[in-house]
Amino acid sequence: MEANKEEPRIGVFICRCGFNIGGVVDVSAVAEYAKTLPDVVFAEEGLYTCSSAGLDSIKKQIEKFKLNRVIVASCTPATHESLFQKTCEEAGLNKYLFEMANIREHCSWVHMHLPAEATEKAKDLVRMAVAKASYLEPQKEMELDICPSALVIGGGISGITAAMSLAGQGFEVHLVDKEAEFGGMLNHLYRLQPTEREASEILREAIIAVKANSKIHLHVSTLVHEVSGFIGDFDVTLQTKNSNQSERIKVGTIIVATGAEEFKPTGMYGYNESPNVVTQLELEQLLRKGELKKPKVVMVQCVGAREKTGRTYCGRICCHVALSNALQLKKLDPNIDVTILFRDIQTPGEDERLYKETMANCVNFIRYDPKRPPKVAFKADGSSTVTVYDVYLGAEIELESDLVVLSTPLVQHEDGRKLSSVLKVPLGADGFFFEAHPKLRPVEFASEGMYVCGTAHGPKNIFESITQAYATASKASIPMAAKKIKTGAVKASVNQEICVNCDACVVSCVFGAIEASAFGLPRILEANCKGCGVCASECPTGAMQLRHYKDDQIIAVIKALFRSEKRTETNESFKPVILCFACQWCSYAAADLAGVSRIQYPPNVRVLRVPCSGRVDVLHVLKAFQSGADGVIITGCLIGDCHYIDGNVKAKERVDVMKKSLRSQGINPKRLEIGFVSSSEGQKFAAMITDFVKEMEKLGPNSSTPKREGEKLVQDTGKA
Amino acid sequence: MYKILAKRELAPHINLFEFSADEVSAKTKPGQFVILRIDEDGERIPLTIADADPGKGTIAVACHGVGKTTTQLGRLKEGDFVLDLLGPLGKPARIEKFGTVLCVGGGVMVAPLHFQAKAFREAGNNVIGIVGATTRDHLIFLEEMENTCNHLLVATDDGTKGHKGMDFLKDLIKETKIDRVVAEGPVVMMKAVSDLTRQHGIPTMVNLIPIMVDGMGMCGACRVTVDGKTLFACVDGLEFDGHQVDFDELLARLKVYTPQEKLAYVFSEQGERN
């Protein structure tokens, strides 16, 4: 145990919250109890600690008793922690020396009819907070300067739009494209619906504007070779494709607008075998060049999309593209026979009109069954017969065809995949760039200062791409306009002495916040660190720690919880004591909501707040069982909703691994559980806890010291 | 049973063991490895051989206490025994007269690299050695490398001794004609060295120890992708062409069992660290 530099002098302020806490919990008893705890030099109860009188008292007692740690036992830190922290700071105490015990949402409101149990629980929660407080350390928050220039990668319509928008706001922009010409995918399109304007025409205007803008620095035939640094201070190396010359630039923000490419359906429907089988994009080029004289055209939808594995996604724009091109063919010559073989026609919004217009122009539609896909047979003259099972007719139809057009989805290109590792930002299962949150943060990467728009993020039409491009420009301008950002102090830190340079932390960090130095020493880019603590839990030796949630701090809380002597071990009155690790986002909020909604659940559980369920280390779980926990439940955000991308998935993996091995320690694996809730699922949280408590009651007390109680071990680990 | 004749602490948690192993020592060549098992319930771990003395019938291995088994091994003393010492396994490193050979070693792997450096010197090469570590206290085999190499350079990540980081290598490669590079150390180090030498076209060998099970080419756990082909480190290596190795895949594969490894360590140490 490391001694802090100064002896802890802890003050505990316990709030009655009127009747909210005081009506259930014996607050005076808790205050008296707090006085008996180690390092506590002052404790008092108050009617409303968050009132100005309550806050004044905190400041006064800090001065009078020379308090260097302050605990408020009241409501949820989600709403009041910052207020109390500010109060501490006003009294000259670093805000990281403040700790909260939630005895309202997690206690009085959820055990309204059990005053005795609620009081005991409140004492436990205060004791846990006191234990943590002894280990708290003052922290310094960082302020970063933001370089007011942006890198926009990709000079298609998305990239051009984002660059123009940022330049219009007065920021310097570096616009990079791998091709010799800007314009991206629009270079290859024909006429755009519903305006009928040629894509090249729109593009020409946009490119002229971008070239004329003095704020925009253009880099063509250029790749982003290397990126290091963090928001406000990215160090970017650009490499020219042909000459291999490199240039280094400094930017504050990065926008990814690298687009996508059309999937080439090699080996499907005779593509590559015959020049008369083309993709929609290839058809548009034929149309543009005016090289098309094919009286019978068959289009096949969903080629290489909506598959069982791999490209499982819908191409999203292919229906629009097929309808639009079918119409172009009809306008070229009404005698061209066009048949569209589809699985489902999806035409939301404006596209419905296009669909109707296409039907009015005598385009045929035949629904096919993906289990019996159409077949193409070639004849000697280059034409072909397409055989399709018509779902509605319930019979096979043979179609003569001069040209087969395949509608294939957009896919990520090789350069996009490479860029993902250069930027250290993730790709989703579909291969496209993966945003921080599908609903709440749709154009940001989880790593700060980096954004994504357009088809780099998934199939999109031009309207959607441009809208996203404006969104990224707006997002990127926020830190650049502010010129500075402040970051919290809950960051990873490494102890070089015991680091074994295995780089588990480097691999585990999804934010690119940890880099391996030449000989493996992890280097933490604090600006990139989000404070999830996953790296600390992956570290084999404990060299990697998360400030404010270090192993010794968490273990102190765990040990304090099980220090109480009042364990009753007779089976009839057995009351299991359960530790619940709750991530500070959804699961803690769900527990709060259960409180706010007054959903009652058994008082056996004590919540320990961690930044992310991924911070929960096997060491913590083992310590809990060794200290006397009857059960441990870890709660995290719903899978896919983790605020740190996949911390909850890593927690689940860890739990699965532990469950297999707990028996060897004489612990029934049922004593460890993991559950996922959203912040709106107070009911589910309460139900989860209730079920878990019932299960633990069935299992009986945890007797996890196998050497001492051989017989009980069999009973406890038996296949119940 | 194989007896530990000598144990020397090279750095905190890094030990050099000398084992009595007649038959292994008679056949060992630099670049080969053994699979060691401490006792009947023990995990089998691959360790690259750091020296062999057929006259005395001994081999040496260096081990860094990182997880359960390596920590357990670190606790053994002179006179203790381990159950199995299977080897020598793998192909010997290619030792010839190349001219000037640059040997880049990092962390615990400097010990087996020294074995190769010695052989290169004996084969008539001009040997330049680089001993690197995260920090000063973790540098090992400085004296041995100093005696073996024609020229020795030292580097640490934090700059507490010698060069800071690996930037100096860029200048070294530009200023000196180097005919072959051998790198042995953390994967990130071998990757960085290979990336650097690729630009200059200097043949570069790296020594890979992925996760291994049987060590004889049967299980496929140690597979690595080299030039697009799947190879087994245990029978095709440990030495591979650094310019062709898929290091990112190797890094990812090495971390597959991180939760299990940590769990085994925490359980075996009962949560007590250091």
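What you see is a predicted model; the values in this text were computed from it and never measured.

Rules and cut-offs
- Residues numbered from 1 in each chain as written.
- Chains lettered and ligands numbered in written order.
- Predicted model: local features only at pLDDT ≥ 70, side-chain atom pairs only at ≥ 80, totals over all residues.
- Axes fitted to C-alpha atoms, helices over the stretch in contact; angles between N-to-C directions.
- Helix = DSSP H or I, 4+ residues; strand = E, 2+ residues; numbered from the N terminus.
- Parallel < 35°, antiparallel > 145°, perpendicular 65-115°, else oblique.
- Left-handed = near helix turned anticlockwise from the far one by under 90°.
- Contact = placed C-beta atoms within 7 Å.
- Nonpolar A, V, L, I, M, F, W, Y, C, P; charged D, E, K, R; others polar.
- Buried ≥ 20, exposed ≤ 12 C-beta atoms within 10 Å, placed from the backbone.
- Domains from an automatic or database assignment.
- Core = buried A, V, L, I, M, F, W, Y, C linked by C-beta atoms within 7 Å.
- Pairing = 2+ DSSP bridges.
- pLDDT = per-residue confidence, 0-100.

Asker: Tell me what's going on with the packing of helix H7 (residues 157-168) of chain A against helix H8 (residues 199-212) of chain A, and back it up with residues and numbers.
Answerer: All names here are of chain A. Where H7 meets H8, the closest approach of the two axes is 10 Å, and the angle between their N-to-C directions is 40°. In this view, H7 runs oblique relative to H8, as classed from their interaxial angle. Here H7 runs over H8; the crossing is left-handed. Here Ile157, Ile160, Ala163 and Met164 of H7 lie close against H8, whose contacting residues are Ala206, Ala209 and Val210. In terms of residue class, the contact of H7 with H8 is made up of seven nonpolar, no polar and no charged.

Asker: Tell me about the environment of Glu7(A), and please be specific about residues and values.
Answerer: All names here are of chain A. Structurally, Glu7 can be placed in the segment before strand E1 (10-15). Among the residues examined, Glu7 registers 10 C-beta atoms within 10 Å and is labelled exposed. The spacing of Glu7 and Asp39 is 32 residues in sequence and 8.0 Å in space, taken between C-alpha atoms.

Asker: Lay out the domain arrangement of chain A in plain terms, naming residues and giving numbers.
Answerer: All names here are of chain A. Splitting chain A by domain gives domain 1 (1-140), domain 2 (149-260 + 412-485), domain 3 (263-409), domain 4 (491-538) and domain 5 (549-720). Once you take the C-alpha centre of each, domain 2 and domain 4 turn out to be 29 Å apart. With seven residues of domain 2 at the interface, the matching set in domain 4 holds six residues. Of the residues belonging to the side of domain 2 that touches domain 4, the class tally is four nonpolar, one polar and two charged.

Asker: Outline the nonpolar core, supporting the account with residue identities and numerical values.
Answerer: Residue and element names in this part refer to chain A. Counting residues in each nonpolar core, the largest one holds 282 residues, and the members touching the most others are Val12, Ile71, Ala73, Val152, Ala163 and Ile255. Sort the elements by how many residues they give to this core and helix H6 (residues 115-134) lands first, with nine residues. When sequence neighbours within four positions are dropped, the list of residues in contact with Ala73 reads Val12, Ile14, Cys15, Ala101, Ile103, Ala122, Leu125, Val126 and Ala129. In this structure, Leu283, Ala322, Leu327 and Val363 belong to the second largest nonpolar core, which totals 33 residues.

Asker: Explain the environment of Leu292(A) residue by residue, including any values.
Answerer: All names here are of chain A. Structurally, Leu292 can be placed in the loop between helix H9 (280-289) and strand E17 (296-300). Along the chain, Leu292 and Glu695 lie 403 residues apart, while their C-alpha atoms are 72 Å from each other. Apart from residues lying up to four places away in sequence, Leu292 is in contact with Leu286, Leu287 and Leu332.

Asker: Could you give an account of the sheet that holds strand E14 (residues 253-256) of chain A, with specific residues and numbers?
Answerer: All names here are of chain A. Strand order in the open sheet formed by five strands is E10-E7-E6-E14-E25, with parallel pairing between adjacent strands. Of all the strands in the sheet, just strand E10 (216-219) and strand E25 (450-452) have a single pairing partner and so form its edges. Neighbour to neighbour, the strand axes of the sheet diverge by 20° on average, direction disregarded. Running over the sheet, helix H13 (residues 462-482) touches strand E6 (149-153), E14 and E25 and is turned about 170° from E14.

Asker: An account of the confidence of the model for chain A is requested, with residue identities and associated values reported.
Answerer: Put simply, chain A has an average pLDDT of 91, and 96% of its residues get 70 or more. This stretch, residues 705-720 of chain A, has a pLDDT under 50; its non-local contacts, to residues over four places away or in other chains, come to 16 contacts.

Asker: So, the interface of chain B and chain A: which residues are in play, and what are the values?
Answerer: Many descriptions give the size of an interface as the accessible area lost when the pieces come together. With 33 residues of chain B in contact, the opposing surface of chain A contributes 31 residues. With nine residues, the top contributor of residues to the side of chain B that touches chain A is helix H9 (residues 258-268) of chain B. Taken together, the residues of the side of chain B that touches chain A break down into 14 nonpolar, 13 polar and six charged.

Asker: Kindly report on the packing of helix H18 (residues 618-627) of chain A against H9(B), identifying the contributing residues and their values.
Answerer: Two elements in contact, H18(A) and H9(B), have axes separated by 9 Å at closest approach and are oriented at 35°. Viewed along their axes, H18(A) and H9(B) form a crossing whose handedness is right-handed. Seen from H18(A), the contacting residues are Val618(A), Leu619(A) and Leu622(A); seen from H9(B), they are Lys262(B), Leu263(B), Val266(B) and Phe267(B). When grouped by side-chain class, the residues that make up the contact of H18(A) with H9(B) number six nonpolar, no polar and one charged.

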